[in-house]
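Here is how the chains run, residue by residue.
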Amino acid sequence: MTQPAFYPSHPIAYGRQHITPEDVQAVTDTLYSDYLTQGPKVAEFEQKFTEYLGAKYAVAVANGTAALHLCAMALGVQPGQRVITTPITFSASANCVRYCGGEVHFVDIDPATALIDLKAVRRLLESHPVGHFQGLISVDFAGLAVNLEEARKLADEFGLWIIEDSCHAPGGFFTDSLGQEQRCGNGQFADLAIFSFHPVKHIATGEGGMITTNNPALYEHLLRLRTHGITKDPAQLERPSDGGWYMEMQELGYNYRMPDMLCALGISQLRRAESGLARRRELAARYDAAFAQIPNVRPLAGAPGHAYHLYVIQVEDRRGLYDFLRERQVFAQVHYIPVHTMPYYQRLGWQPGDFPLAEAYYAHCLSIPLFPSLTDEEQQYVIDCIREFVQA
Ligand SMILES: *Cc1c(COP(=O)(O)O)cnc(C)c1O
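Predicted, not measured: the structure shown is a model, and the values here were computed from it. (Residues numbered from 1 in each chain as written. Predicted model: local features only at pLDDT ≥ 70, side-chain atom pairs only at ≥ 80, totals over all residues. Heavy atoms only, no water.)

1. Regarding the UniProt feature "modified residue: N6-(pyridoxal phosphate)lysine" (unreviewed entry) in the chain
(1) Moving on: Sites flagged by UniProt as "modified residue: N6-(pyridoxal phosphate)lysine" (unreviewed entry) map to Lys-201.
(2) Moving on: In this fold, Lys-201 is placed in the loop between β9 (192-196) and β10 (209-213).
(3) Moving on: Assessed through its relative accessible area of 15%, Lys-201 is described here as buried. (UniProt positions renumbered as here; feature names shortened; annotations may be inferred. Helix = DSSP H or I, 4+ residues; strand = E, 2+ residues; numbered from the N terminus. Buried < 20%, exposed > 50% of the residue type's maximum accessible area, 1.4 Å probe, protein only.)

What follows is the structure, encoded as structure tokens:
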């Protein structure tokens, strides 16, 4: 190996958070304020998040998984119900159905994008009586938005609700049939959309999540479910109030609240969301240009509205490349081991071989470093390492 001009002093991960002195100040200010849990920063973060996406309502929750769980509850998932999702996602997208006792049905992907294949969803729906399936959980995998206008048509035809798992795509969009940009989570097509603020995501608060919707009834219900099923809202009480302290627990909910200090961090991070997105797109364009010259490296398809949470390439010897990069301080990652091949889902009856396109994608995919604070020099080093491996 010839000594490269640049060698990283620390591992370059596939993703990482970006924290500034302003972020630290925002958290510190909140720590010294009157509220640590449900203070004014929660509502402020929710409000700013709806403005960012163009949705009507937002509910901040403990994390993306809690968001999915509450969505499944609010939509009434229960034992015997069947919900469709993609095998190429984080397990949580499917698990929320299981929390409520429902059945998960996977549909294979479109190999060009690794998104759920809506034509295959239609074939599945058409092969069963209407009412057999209750919902669809679409995933804006890697940051590429699912065409929810198409998904909504299907959902209306077959009586499904839609949860949009947009953890990878805040700020992303697809272009609808009228040429309008439709932002992920804007509430135009999906009943509910969810986001995560895990450190590798666009907006990082450590733990945290958000649900967005344009449906006022679902919004009110989610607020209750987030706090034990309790309401203090006079308009919602089932019985006459006993006094100023009065509240009612009307159904079984959870403590899935996001604390005030993390919402303060979220507000501060949200101010940089657009510049972070622009930097992600710039880095992705540089990868695109580099790999156009390296035939053995196949990136997933791009699109103008791609939010680039991940930059995924496919190579013949993925395991070899992963190890080669790791030895050179580049910590790539695999997204995802298909959910239906997980031991838990196999015990529920799914088998390797059930979704050949997802499995073929998994065999070759690798997510390489992409995050706003990745430097041009670091990115060039990653490209050089990949080139050296595939051309050897
Ligand atoms: C991160 C992620 C989740 C879960 O979010 P957490 O905040 O980690 O609970 C769910 N779905 C997808 C696609 C994700 O990337």
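Having seen it, we continue.
2. Quick look at the site of the ligand
(1) Moving on: Around the ligand sit 14 residues, and of these Gly-64, Thr-65, Asp-165, Ser-196 and Lys-201 come closest.
(2) Moving on: The side chain of Thr-65 places a nitrogen or oxygen atom 2.5 Å from an oxygen atom of the ligand.
(3) Moving on: Interatomic distance of 2.8 Å between a side-chain N/O atom of Asp-165 and a nitrogen atom of the ligand.
(4) Moving on: Considering the ligand on its own, with 380 Å² of exposed area, one finds that the protein chains cover 92% of that surface.
(5) Moving on: Classifying every residue of the shell around the ligand gives four nonpolar, eight polar and two charged. (Near = heavy atom within 4 Å. Polar contact = N/O pair within 3.5 Å; in protein donor to acceptor, adjacent residues only side chain to side chain. Areas by Shrake-Rupley, 256 points an atom, 1.4 Å probe, with all protein chains shown as cover. Nonpolar A, V, L, I, M, F, W, Y, C, P; charged D, E, K, R; others polar.)

3. A short note on the packing of aromatic side chains
(1) Moving on: Counting across every chain of the model gives 22 aromatic pairs.
(2) Moving on: With a centroid separation of 6.2 Å and an interplanar angle of 65°, the aromatic rings of Phe-106 and Phe-355 are classed as edge-to-face. In this pair, Phe-106 sits in strand β4 (residues 103-106) while Phe-355 sits in the loop between α11 (343-347) and α12 (356-364), placing the two residues 249 residues apart along the sequence.
(3) Moving on: According to the relative accessible area criterion, Phe-106 is buried, its value standing at 4%.
(4) Moving on: Overall, Phe-355 belongs to the buried group, its relative accessible area being 9%. (Phe/Tyr/Trp six-rings, centres within 6.5 Å; stacked < 30°, edge-to-face > 60°.)

4. Some details on the pattern of salt bridges
(1) Moving on: Under the counting rule described, the total for this entry stands at 17 salt bridges.
(2) Moving on: The partner of Arg-122 in a salt bridge is Glu-126, with the nearest N and O atoms 3.2 Å apart. Taken together, the residues Arg-122 and Glu-126, both in helix α5 (residues 118-126) and four residues apart, mark about one turn of the helix.
(3) Moving on: Bridged by salt links that share partners, the residues Arg-279, Glu-282, Arg-286 and Asp-376 form one connected network. (Salt bridge = Lys/Arg side-chain N within 4 Å of Asp/Glu carboxyl O.)

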